[in-house]
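# Structural characterization, general
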2 protein chains.
Amino acid sequence: MGITKSQIFTKNQNELAQVFKVLGHPARVAILQYISNQNACICNDLVEETGLAQATVSQHLKELKSIGLLKGEIEGKRMCYCLDVDRWDAIQNQLNHFFNTTKANCC
Amino acid sequence: MGITKSQIFTKNQNELAQVFKVLGHPARVAILQYISNQNACICNDLVEETGLAQATVSQHLKELKSIGLLKGEIEGKRMCYCLDVDRWDAIQNQLNHFFNTTKANCC
DNA sequence: TTTTATTATCGTAATATTGCAATATTAAAA
DNA sequence: TTTTAATATTGCAATATTACGATAATAAAA
């Protein structure tokens, strides 16, 4: 096979896993950290910063957008990507809820 | 290509991404939640619980072990897998540190 | 309008992941 | 010792991801 059997898991489990998955690439971690050190960012900065090709960076940005972590505004012929802070906080809360509720007494 | 260029990122970024990646599958989220509802667990329970084949479950458990989240004790001819609570807390702290430090003023 | 700069998308190659059947391993039970 | 039960490993097919060159799209600048 090779296809994740998402239909056998709950909506919550799939959503949680999707968030983790998007964050599960060092380039995307690096992109988020870089944006946090600026007040904003543009894609071409990230090409220099990450050492990845422009097409690759654009693709990673798309994935971060797909879970709502980034929002982009058009600024002339540039894109200004920045964190969606509300979504950022919501995701942090969601992950903490997972960690707090999934804590077992060990055998 | 298709290979993640981990050498161009920091050790911290790679480690963080690796943790997110392991958690980024609904079966592994479900396994952790199931273990938390028991006091322990055995692999065969998980086969029924998840609807995945025994080999598949075993593989997911191996990945969770790879980041230290689970520890397994041999109990006769069974394995007793349980959360490593110290590691669990450490990872939660690591992720919170990432979320707290990577928080930008939006543009 | 033409050029230039910036970002997105498409197509494709390389690699990774998922899932499972078959088989191996291990230890208790018979 | 042989059988049985539980888990791990191997090998493989299907699908997903990563990366990038080429190209398209868009908007400011010349």
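This structure is a prediction, so every number in the text was calculated from the model and none was measured. (Residues numbered from 1 in each chain as written. Chains lettered and ligands numbered in written order. Predicted model: local features only at pLDDT ≥ 70, side-chain atom pairs only at ≥ 80, totals over all residues. Heavy atoms only, no water.)

Counted under the stated rule, the structure contains 6 salt bridges over all chains. Of the charged contacts, one joins K103 of chain B and D89 of chain A as a salt bridge, the two residues approaching to 3.0 Å between their closest N and O atoms. With K103 of chain B in the segment after α5 (85-101) and D89 of chain A in helix α5 (residues 85-101), this pair bridges two chains. A relative accessible area of 25% places D89 of chain A in the partly exposed class. (Salt bridge = Lys/Arg side-chain N within 4 Å of Asp/Glu carboxyl O. Helix = DSSP H or I, 4+ residues; strand = E, 2+ residues; numbered from the N terminus. Buried < 20%, exposed > 50% of the residue type's maximum accessible area, 1.4 Å probe, protein only.)

Relative to chain A, chain B is turned by 180 degrees and slid 0.0 Å along the rotation axis, the superposed coordinates differing by an RMSD of 0.0 Å. Both chain copies can therefore be described as sitting about a two-fold axis. Taken together, the interface assignments show that 100% of the residues at the interface of chain B recur at the interface of chain A, consistent with an identical surface on both copies. (Least-squares fit on C-alpha atoms with pLDDT ≥ 70 in both. Contact = heavy atoms within 4.5 Å.)

Turning our attention to the interface of chain B and chain A. Across the boundary between the two partners, chain B contributes 49 residues, which contact 49 residues of chain A. Our count for the chain B to chain A interface comes out at 2 salt bridges. If you list the elements that add at least two residues to the side of chain B that touches chain A, you get α1 (11-23), α2 (26-37), β1 (70-75), β2 (78-83) and α5 of chain B. Per element, the largest residue contribution to the side of chain B that touches chain A is 11 residues, and it comes from α5 of chain B.

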